[in-house]
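What the coordinates show
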Amino acid sequence: MRLVSPVGCVRAAAGVAVALLVGGGTAVAAPTASAATAGQGAVAQLHPLSALSAQRLATADLVAAAKYGTGSPVDDPAREQQVLDAVARQAEEAGADPGATVRIFRDQIEANKVVQRALHRKWDADPASAPAERPDLAEVRERINRLNGELVGAIAASAPARGAPYCAGVLTVTTAHVRHEQRLDALHTVALVRASRSVCG
């Protein structure tokens, strides 16, 4: 199946948005070149954020495997607060909005736990599917910390697109493309949507 380019989707979405916003549902002229250019810029800004979110979600599989069978809970409030404090500092240093960054990261953390819980349920129901080896959680967290830093940068760089009225439509497009690019299954696709809840606005 041929996947439509992000820019093409944005142009189509821009046309619908302009029709609804300007024409109240009536037919109006095609989007202007400036609107199409703005849409392309929004894709360029939001796609890295979506891609990094998906990469961060992939670490949930490793965290789940590291914790499985150890009695360690999925929820780790102390670790979660460390992450939120760290990204708030990084956002401030990058000249980004710490409040928005923390909101987005809260969703990233919750999405990560969605994957962990689902995998633990799967492995409980089918022990043969459980991982044979347990990853080193400290090493996994180092990887997560690196991704967190990149995500903070992507959040800072995408501020104009995140505040734009068409953000939700563009985010849907970039999420769909990341799903295709990274071949996400249903669980990780649902989690990616959950991770992106606070990106716009």
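Attention in this report is confined to the structure presented alongside it. Every chain is numbered on its own, with residues counted from 1 as its sequence reads. In keeping with the model being predicted, local features are shown solely for residues with a pLDDT of at least 70 and side-chain atom pairs are shown and tallied solely at 80 or more, while totals for entire chains, interfaces and linings include all residues. With hydrogens and water set aside, each side-chain value is computed from the structure's full complement of heavy atoms.

**Some details on the overall build of the protein chain**
On a plain count of helices and strands, the protein chain comes out with 8 helices and 0 strands. Elements are defined by DSSP. Helices are runs of H or I of four residues or more, strands are runs of E of two residues or more, and each kind is numbered from the N terminus. Sequence-ordered secondary structure for the protein chain, helices as α and strands as β, is α-α-α-α-α-α-α-α. Accessible area is worked out with a 1.4 Å probe on protein chains only. A residue is then buried under 20% of its type maximum, exposed over 50%, and partly exposed in between. Per-residue burial over the protein chain gives 40% buried out of 201 residues. Contact criterion: two residues are considered in contact whenever any of their non-hydrogen atoms come within 4.5 Å of each other. A separation of at least 24 residues holds for 84% of the contacts in the protein chain among residues at least 6 apart in sequence.

**Topic: empty space enclosed by the protein**
Using a grid of 1 Å spacing that covers the protein atoms alone, one calls a set of points a cavity when a 1.4 Å probe fits there but cannot get out, and a pocket when the set is open and has protein on both sides within 12 Å along at least five of seven lines; lining residues are those with an atom within 4 Å of a point. Grid points are joined across faces, edges and corners, and a volume is the space filled by probe spheres set on the points. With the rule as written, the count across this model stands at 1 cavity of 30 Å³ or more. Of the voids in this model, the largest cavity is the one considered here, and its volume is about 200 Å³. Taken together, 15 residues form the lining of the largest cavity, with Val-63, Arg-79, Asn-112, Gln-116 and Ile-144 sitting closest to its centre. Among the secondary structure elements, those contributing two or more residues to the lining of the largest cavity are α2 (33-67), α3 (77-93), α4 (98-125) and α5 (137-157). No other element matches the 4 residues that α4 contributes to the lining of the largest cavity. Side-chain classes follow a simple rule in which Ala, Val, Leu, Ile, Met, Phe, Trp, Tyr, Cys and Pro form the nonpolar group, Asp, Glu, Lys and Arg form the charged group, and the remainder, Gly included, forms the polar group. Residue composition of the lining of the largest cavity, grouped by class: 6 nonpolar, 2 polar and 7 charged.

**Digging into the state of the cysteines**
When two cysteine sulfur atoms lie within 2.5 Å, the pair is treated as a disulfide. Scanning the model with the defined rule gives 1 disulfide in all. One disulfide bridge connects Cys-167 with Cys-200, the sulfur atoms lying 2.0 Å from each other. Residues Cys-167 and Cys-200 are joined by a disulfide whose S-S torsion is about -80°; by sign, that bridge is left-handed. On the criterion of sequence distance, the pair formed by Cys-167 in helix α7 (residues 167-181) and Cys-200 in the segment after α8 (186-195) is long-range, its members being 33 residues apart.

**Remarks on the packing of α3 against α4**
A pair of packed helices is characterised by two quantities: the angle between their axes and the separation of those axes. Angles run from 0 to 180 degrees between N-to-C directions of axes, and those axes are lines fitted to C-alpha atoms, restricted for helices to the stretch in contact. Running from amino to carboxyl end, α3 crosses α4 at an angle of 145°, the nearest separation of the two axes being 9 Å. Considering only the axes of α3 and α4, their crossing is right-handed. Taken together, the residues of α4 that come into contact with α3 (itself represented by Glu-80, Val-83, Leu-84, Val-87, Ala-88, Ala-91 and Glu-92) are Pro-98, Thr-101, Val-102, Phe-105, Arg-106, Ile-109 and Lys-113. Grouping the amino acids of the contact of α3 with α4 by side-chain chemistry returns 9 nonpolar, 1 polar and 4 charged. Working rule for handedness: look at the near helix, and if it is turned counterclockwise from the far one by less than a right angle, call the crossing left-handed; if clockwise, right-handed.

**A short note on the nonpolar core**
Grouping buried Ala, Val, Leu, Ile, Met, Phe, Trp, Tyr and Cys residues that are joined through side-chain atoms within 4.5 Å yields what is termed a nonpolar core. Grouped together as the largest cluster of nonpolar side chains are 24 residues, with contacts concentrated most on Leu-46, Leu-49, Phe-105 and Val-199. Elements supplying a minimum of two residues to this core: α2, α3, α4, α5 and α7. Those residues within four positions of Val-199 in sequence are excluded, and the remaining contacts are Leu-46, Leu-49, Ile-104, Arg-162 and Leu-171. If you look at the next biggest cluster of nonpolar residues, it comprises 15 residues, including Ala-64, Ala-65, Val-115 and Val-178.

**A word on α3**
The span one expects for a helix is its residue count, reduced by one, times 1.5 Å. With 17 residues, α3 extends 24 Å between its outermost C-alpha atoms, agreeing within 8% with the 24 Å of an ideal straight helix rising 1.5 Å per residue. Those residues of α3 lying buried are Arg-79, Glu-80, Val-83, Leu-84, Val-87 and Ala-91. All buried residues of α3 fall inside an arc of 135° around its axis, so they share one side. Exposed residues lying more than 90 degrees from the buried face of α3 are Ala-78, Gln-82, Arg-89, Glu-92 and Glu-93. Following α3 by one or two positions, Gly-95 has its phi on the positive side, about 75°. Working note: the arc is built from the helix axis to C-beta atom directions.

**Things to note about unusual backbone geometry**
Of note, the phi angle at Arg-183 is positive, near 55°, even though the residue is not glycine. A relative accessible area of 77% places Arg-183 in the exposed class.

**Description of the pattern of salt bridges**
Between side chains of opposite charge, pairing is possible as soon as their charged atoms come close. Salt bridge, as applied in this entry: a Lys or Arg side-chain nitrogen positioned within 4 Å of an Asp or Glu carboxyl oxygen. Per the counting criterion, the structure on display carries 6 salt bridges. Between Asp-75 and Lys-113 there is a salt bridge, with the nearest N and O atoms lying 2.7 Å from each other. Here the residue Asp-75 occupies a position in the loop between α2 and α3, and Lys-113 occupies one in helix α4, the gap between them amounting to 38 residues. When its relative accessible area of 4% is taken as the criterion, Lys-113 is described as buried. One salt bridge connects Glu-80 with Lys-113, and the closest N-O pair in it is separated by 3.2 Å. With Glu-80 in helix α3 and Lys-113 in helix α4, this pair connects stretches of sequence that are 33 residues apart. The exposure class assigned to Glu-80 is buried, which follows from its relative accessible area of 18%. Within this structure, Asp-75, Glu-80, Glu-110, Lys-113 and Arg-117 form a network of salt bridges that share partners.

In short, geometric facts, not functional conclusions.
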